[in-house]
Amino acid sequence: MARARSSGMGDVSAEADMTPMIDMTFQLIAFFMILINFAESDSDDRIQLPSSVLAKPPEGMPDTPITLQVTKQGTVLYSADEIPISAMGRVLDIEAQLIERAKKSPSQANIIIRADAETPTGQVQEVIKICQQKKFEKFLLRAKQDTP
Amino acid sequence: MKARRGGGLPGKVEQNMTPMIDVVFQLLAFFVMTFKLATVEGDFNIKMPISAPSAGVSENPFPPIKLVMKAGAGGQLASMNMGDRPLGTNFATLHNEILSLVGNSTGPGSMASQMEVELDCDPALHYTNVIKAITAVSGHMNAQGQVIRLIEKVKFASPRS
């Protein structure tokens, strides 16, 4: 909206009232700033988690978490890499060494499995089996919360 | 800052808003682009050491309930069997079956806390069915939104080749 003012000399200057726009823009910035979530770094668009009504967010961070994301093609997303399940043993060996260096044992570590809803269960079991061979015992099967 | 003086009016200060609006729009664009609606996620805990049969028997007085899940075409669930009892493909039936087994005995030290379910799944079965089965076995949500826990110990049978 513009407000026209005419000065004595006859030239016309248009001046918009910026206040409502700036108000709205700051509201929007505040909204997005509050909702931004940098911690959600392990989520990946290639993984569509299965949903469950009982999937409650955990109270605290699990001890020594290792996130393995199993795609429906049967590969594992680990850190930024996509690796075949057969190559998981090498990766877990490195993880186990790091855990032992921190004076812990692999049985204390938590393997977070984020598998796609359409992943064949055999692939997930294969990942679990390889983890077990490397002395990992605790698994967290992740699902997204389904509101009833 | 630029001060302009009108004809008869007292002094009116007018600020140049352009740089601020530029920066504000930059920020807005950044937040809009990076915005991703966060979904709430939760975990099902499974403690599954590599098979140690001698240790397992002494700890648990109940033998594990065996749930066999068969896959149909395209990885869909074709049938479920709990022990010898066929359950079809309905997870509500499975949940009712577990409820009738456990009864009202829930909570720490109860029968439900000592029982264990072993999932024996076809390798081709979609993983979502496993999560649905674990959900049906491990509890439900009551009308007040509280979670009633049933059998929380779940393990996988050794994979079939």
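Basis of the calculations
- Residues numbered from 1 in each chain as written.
- Chains lettered and ligands numbered in written order.
- Predicted model: local features only at pLDDT ≥ 70, side-chain atom pairs only at ≥ 80, totals over all residues.
- Heavy atoms only, no water.
- pLDDT = per-residue confidence, 0-100.
- Contact = heavy atoms within 4.5 Å.
- Helix = DSSP H or I, 4+ residues; strand = E, 2+ residues; numbered from the N terminus.
- Buried < 20%, exposed > 50% of the residue type's maximum accessible area, 1.4 Å probe, protein only.
- Polar contact = N/O pair within 3.5 Å; in protein donor to acceptor, adjacent residues only side chain to side chain.
- Core = buried A, V, L, I, M, F, W, Y, C linked by side-chain atoms within 4.5 Å.

Caption draft 1: Examining the confidence of the model for chain B more closely. All names here are of chain B. Scored by pLDDT, chain B has a mean of 79; 82% of the residues are at 70 or more. Across residues 1-6, where pLDDT falls below 50, the model places ten contacts with residues more than four positions away in sequence or in other chains. Note on residues 54-58: pLDDT is under 50 here. Beyond four places in sequence and across chains, it has zero contacts.

Caption draft 2: Representation of the side chain of H126 of chain B. The residue H126 of chain B is located in the loop between β7 (116-121) and α5 (127-138) in this model. What makes H126 of chain B buried here is its relative accessible area of 14%. Here the side chain of H126 of chain B touches G74 of chain B through a polar contact of 3.1 Å, landing on its backbone oxygen. Non-local contacts of H126 of chain B, meaning those with residues more than four positions away in its chain, are made with A117, E118, T119 and T121 of chain A together with G74, G75 and Q76 of chain B.

Caption draft 3: Quick peek at unusual backbone geometry. Residue and element names in this part refer to chain A. We note that T64 has phi near 45°; this positive angle belongs to a residue other than glycine. Tracing the sequence through the fold places T64 in the loop between β3 (51-52) and β4 (65-70). Unusually for a residue other than glycine, K135 sits at a positive phi of about 70°. Mapped onto the fold, K135 is located in the loop between α3 (121-133) and β8 (138-145). Judged by relative accessible area, K135 falls into the exposed class, the value being 58%.

Caption draft 4: The nonpolar core, seen in detail. Ranked by internal contacts, the top residues of the largest apolar core, which has 58 residues, are I113 of chain A together with L67, L94 and L119 of chain B. Residue contributions to this core peak at seven residues, all from α5 of chain B. For L119 of chain B, the residues in contact, after removing those within four places along its chain, are L67, V130, A133, I134, V154, K155, F156 and A157 of chain B. F32 of chain A together with V24, L28 and F31 of chain B belong to the second largest nonpolar core, which has five residues in total.

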